[in-house]
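# Structural overview
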Amino acid sequence: MALKAGSTIGILGGGQLGRMLAMAAARFSYRIVIFDPDPLAPAAQLAADHVRAQYDDVAALEAFARRCDVVTFEFENVPVAAAKLINAITPVFPGPKALEVAQDRIHEKTFLNAAGVATAPFWPVDSPDDLEIALDRLGGSGVLKTRRMGYDGKGQVVLKQASGAIQVNALADLGGNNLIIEGLAPFASELSVIAARARDGSVRTHDPASNVHRNGMLAISTVPAAVSASTCAAAVEATRKILSALDYVGVLGVEFFVLESGEILANEIAPRVHNSGHWTEAACAISQFEQHVRAIAGLPLGDPRRHSDCVMENLVGSEIERVEALCAQSNVFIHLYGKDEARAGRKMGHFTRLLPKT
């Protein structure tokens, strides 16, 4: 049964994704309560209430759960224990299983392969010997990453025919153990799919986007994607497999490498609304944020078709100074995140340039 107007949705995390979810939920007259220890959490500016507590504060989590009719999260590093504690009181969508899979890169890649979705080859690394053996299997090159907590290019080192000393330094830089090394995928481009699965198992998918990253962070998403229809269809089908295998409820983002042949390899999954889907709020009647709210609230999913082609670009750090010039341009949708300080590498907002649909 769908949540009635006036119901309360709890969001674990108070960043820009939670802020945009709160905006979408308000259109359905849902109340939002944010759980985030940061007193300056951007999402809290638009919420009915803000619980400022740590994610291991059992009493605060239990009280938060009892206030909410359903709970979701806006970043994938929410402690699984916190999600499970809340889920025992109030439904959490997506379920804690999605967090468990996404938070550990070994578990993630193993899960993807078991679901029939191809990835680059990978091996766990806990010692110099592990790294040496894995690099030998990979032809001398690979990407060494932390298994947990890496994002936007952080927590990883590219190794190409690296000497033993460089290998040891890379291990030390990343903590020495609990790492993963992945093969360097010879990709021609990067692609992402934003899809939603409802409580009844129905799935709706936004059009895949071509992505460009800079310094490990998404910079630009373009729709329609500059790949073949068959590649898009393969990415959508792989995403459907992932949603089904997780018994997922909500919006999921999946990032893919596209090889020269047009074949795809899954890079990672994000069990939440995703930066590469921000264009949907400008170029579609139903954004990824509204779709997520609909899914977790038990409402029918909306039609995700776009009415325009578009290019979405992040505004990072001092790029926020471009806003005045962007305001003077036609067909530009601007969204700022309510953050107080424009630090280097900090996402401050984004804009989407609408183009005639081809």
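Residue numbering note: each chain is counted from 1, following its sequence as written. Confidence filtering applies because this is a predicted model: local features only for residues at pLDDT of at least 70, side-chain atom pairs given and counted only at 80 or more, and all residues used for totals across whole chains, interfaces and linings. Calculated side-chain values reflect all of the structure's heavy atoms, with hydrogen atoms and water omitted.

## Overview of the pattern of salt bridges
A side-chain nitrogen of Lys or Arg and a carboxyl oxygen of Asp or Glu constitute a salt bridge if their distance falls within 4 Å. Summed over the entire model, instances satisfying the criterion amount to 18 salt bridges. Note that Glu290 is salt-bridged to Arg27, the shortest N-O span being 2.5 Å. Taken as a pair, Glu290 in helix 10 (residues 288–297) and Arg27 in the loop between helix 1 (16–26) and strand 2 (31–35) lie far apart in primary sequence, 263 residues in all. Each residue's exposure class comes from its accessible area (1.4 Å probe, protein chains only) as a fraction of the maximum for that residue type: buried when under 20%, exposed when over 50%, partly exposed otherwise. Taking relative accessible area as the criterion, Glu290 reaches 3% and is therefore assigned buried. With a closest N to O distance of 3.8 Å, Asp303 and Arg204 form a salt bridge. On the criterion of sequence distance, the pair formed by Asp303 in the loop between helix 10 and strand 15 (309–316) and Arg204 in strand 10 (residues 203–205) is long-range, its members being 99 residues apart. Through salt bridges with shared partners, a single network forms among Glu108, Lys109, Lys145 and Glu182. Going along the chain from the N terminus, every DSSP run of H or I of four or more residues is numbered as a helix, and every run of E of two or more is numbered as a strand.

## Quick notes on the packing of helix 1 against helix 10
Think of two packed helices as two axes; the pair is described by the angle between the axes and how far apart they sit. Packing of helix 1 against helix 10 brings their axes to within 8 Å, and their N-to-C directions diverge by 70 degrees. The orientation of helix 1 with respect to helix 10, classified from their angle, is roughly perpendicular. The handedness of the crossing between helix 1 and helix 10 comes out as right-handed. Listed contacts from helix 10 to Leu17, Met20, Leu21, Ala24 and Ala25 of helix 1 are Phe289, Glu290, His292 and Val293. Any residue outside Ala, Val, Leu, Ile, Met, Phe, Trp, Tyr, Cys, Pro, Asp, Glu, Lys and Arg is labelled polar, Gly included; the first ten of those are nonpolar and the last four are charged. Partitioning the contact of helix 1 with helix 10 into residue classes produces 7 nonpolar, 1 polar and 1 charged. Think of each axis as a best-fit line through the C-alpha atoms, taken over the contacting stretch in the case of a helix, with angles from 0 to 180 degrees between the N-to-C directions. Each angle receives one of four descriptions, namely roughly parallel if under 35 degrees, roughly antiparallel if over 145, roughly perpendicular if within 65 to 115, and oblique otherwise. Crossing handedness is read from the near helix: turned anticlockwise from the far helix by less than a right angle, it gives a left-handed crossing, and turned clockwise, a right-handed one. Here, residues are in contact when the closest pair of their heavy atoms is within 4.5 Å.

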